[in-house]
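Residue-level structure breakdown
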Amino acid sequence: MYSYHAIGADGTTTLSPMLKTIGALRGRYFRQAEMFKDRVPVTEIIVFKGRKIHGYYTSDFKLDKSKPVDLHNILYGRV
């Protein structure tokens, strides 16, 4: 089960419910972005698989491979 934590430019956050696939998460993100397009733009999306960080994504929901997911999981005790 996957969920995301979207972080806005001003530090606001949006959490998603747990969904079965990343594709479902992506669809929910874009539906929600369409409804709230007048709000602060999202700068980063963190996708979780259960309690572990699965990946860091851009505001276009593209995987950002420049951020080490494994290192963050180890540092924050999510191994």
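Calculation criteria
- Residues numbered from 1 in each chain as written.
- Predicted model: local features only at pLDDT ≥ 70, side-chain atom pairs only at ≥ 80, totals over all residues.
- Heavy atoms only, no water.
- Helix = DSSP H or I, 4+ residues; strand = E, 2+ residues; numbered from the N terminus.
- Rg over C-alpha atoms; globule rule 2.2 N^0.38 Å.
- Buried < 20%, exposed > 50% of the residue type's maximum accessible area, 1.4 Å probe, protein only.
- Contact = heavy atoms within 4.5 Å.
- Areas by Shrake-Rupley, 256 points an atom, 1.4 Å probe, with all protein chains shown as cover.
- Lys, Arg positive; Asp, Glu negative; His and termini not counted.
- Charge placed at Lys NZ, Arg CZ, Asp CG, Glu CD.
- Phe/Tyr/Trp six-rings, centres within 6.5 Å; stacked < 30°, edge-to-face > 60°.
- Lys NZ or Arg CZ within 6 Å of the ring centre and 35° of its normal.
- pLDDT = per-residue confidence, 0-100.
- Pairing = 2+ DSSP bridges.
- Salt bridge = Lys/Arg side-chain N within 4 Å of Asp/Glu carboxyl O.

Quick notes on the overall build of the protein chain
Counting its secondary structure elements, the protein chain contains two helices and four strands. The linear arrangement of helices and strands in the protein chain, starting from the amino end, is β-β-α-β-β-α. Scaling as 2.2 N^0.38, a compact globule of 79 residues should have a C-alpha radius of gyration of about 12 Å, and the protein chain matches this with 12 Å. Projected onto its principal axes, the C-alpha positions of the protein chain cover 35 × 25 × 20 Å. By residue count, 27% of the 79 residues in the protein chain fall in the buried class. When contacts within the protein chain are restricted to residue pairs at least 6 apart in sequence, those whose partners lie at least 24 apart make up 43%. By element, 56% of the accessible surface of the protein chain is carried by carbon and sulfur atoms, the whole surface being about 5400 Å². When the 13 positive and 7 negative side-chain charges of the protein chain are each reduced to one mean point, those points stand 10 Å apart.

Structural notes on the packing of aromatic side chains
Aromatic rings considered in pairs are described by the distance between their centres and by the relative angle of their planes. Per the counting criterion, the structure on display carries five aromatic pairs. Their ring planes at 45° and their centres at 5.6 Å tell us that Tyr29 and Phe61 sit as a pair that is tilted. Taken together, the residues span a long stretch of sequence, with Tyr29 in helix 1 (residues 22-35) and Phe61 in the loop between strand 4 (52-57) and helix 2 (69-75) at a distance of 32 residues. Between Tyr57 and Phe61, the ring centres sit 5.0 Å apart and the planes meet at 35°, which makes this aromatic pair tilted. Note on accessibility: Tyr57 and Phe61 belong to one class, buried. Aromatic rings pair up to connect Tyr4, Tyr29, Phe30, Tyr57 and Phe61 into one cluster. Taking the ring centre of Phe36 as reference, the NZ or CZ of Arg39 above it sits at 4.3 Å.

Describing the confidence of the model for the protein chain
For the protein chain, the mean per-residue pLDDT works out to 89, and 95% of the residues sit at or above 70. For the protein chain, per-element mean pLDDT is lowest for helix 2, which scores 77, and highest for strand 1 (residues 2-8), which scores 94.

Overview of the pairing of strand 1
Judged by how many residues are buried, strand 1 sits mostly within the fold: five of seven residues are covered. The pairing of strand 1 with strand 2 (residues 13-15) spans three bridges and is classified as antiparallel. When the bridges of strand 2 are listed, Ala6 appears paired with Thr14. Where strand 1 hands over to strand 2, the hairpin turn is made up of four residues, of which Gly11 adopts a positive phi near 95°.

Details of the pattern of salt bridges
Counted under the stated rule, the structure contains two salt bridges. Between Lys67 and Glu44 there is a salt bridge, with the nearest N and O atoms lying 2.5 Å from each other. Of this pair, Lys67 sits in the loop between strand 4 and helix 2 while Glu44 sits in strand 3 (residues 42-49); the two residues are 23 residues apart in sequence, bridging distant segments of the chain. The class of Lys67 is partly exposed, set by a relative accessible area of 31%. Salt bridges linked by common partners bring Glu44, Asp64 and Lys67 together as one network.

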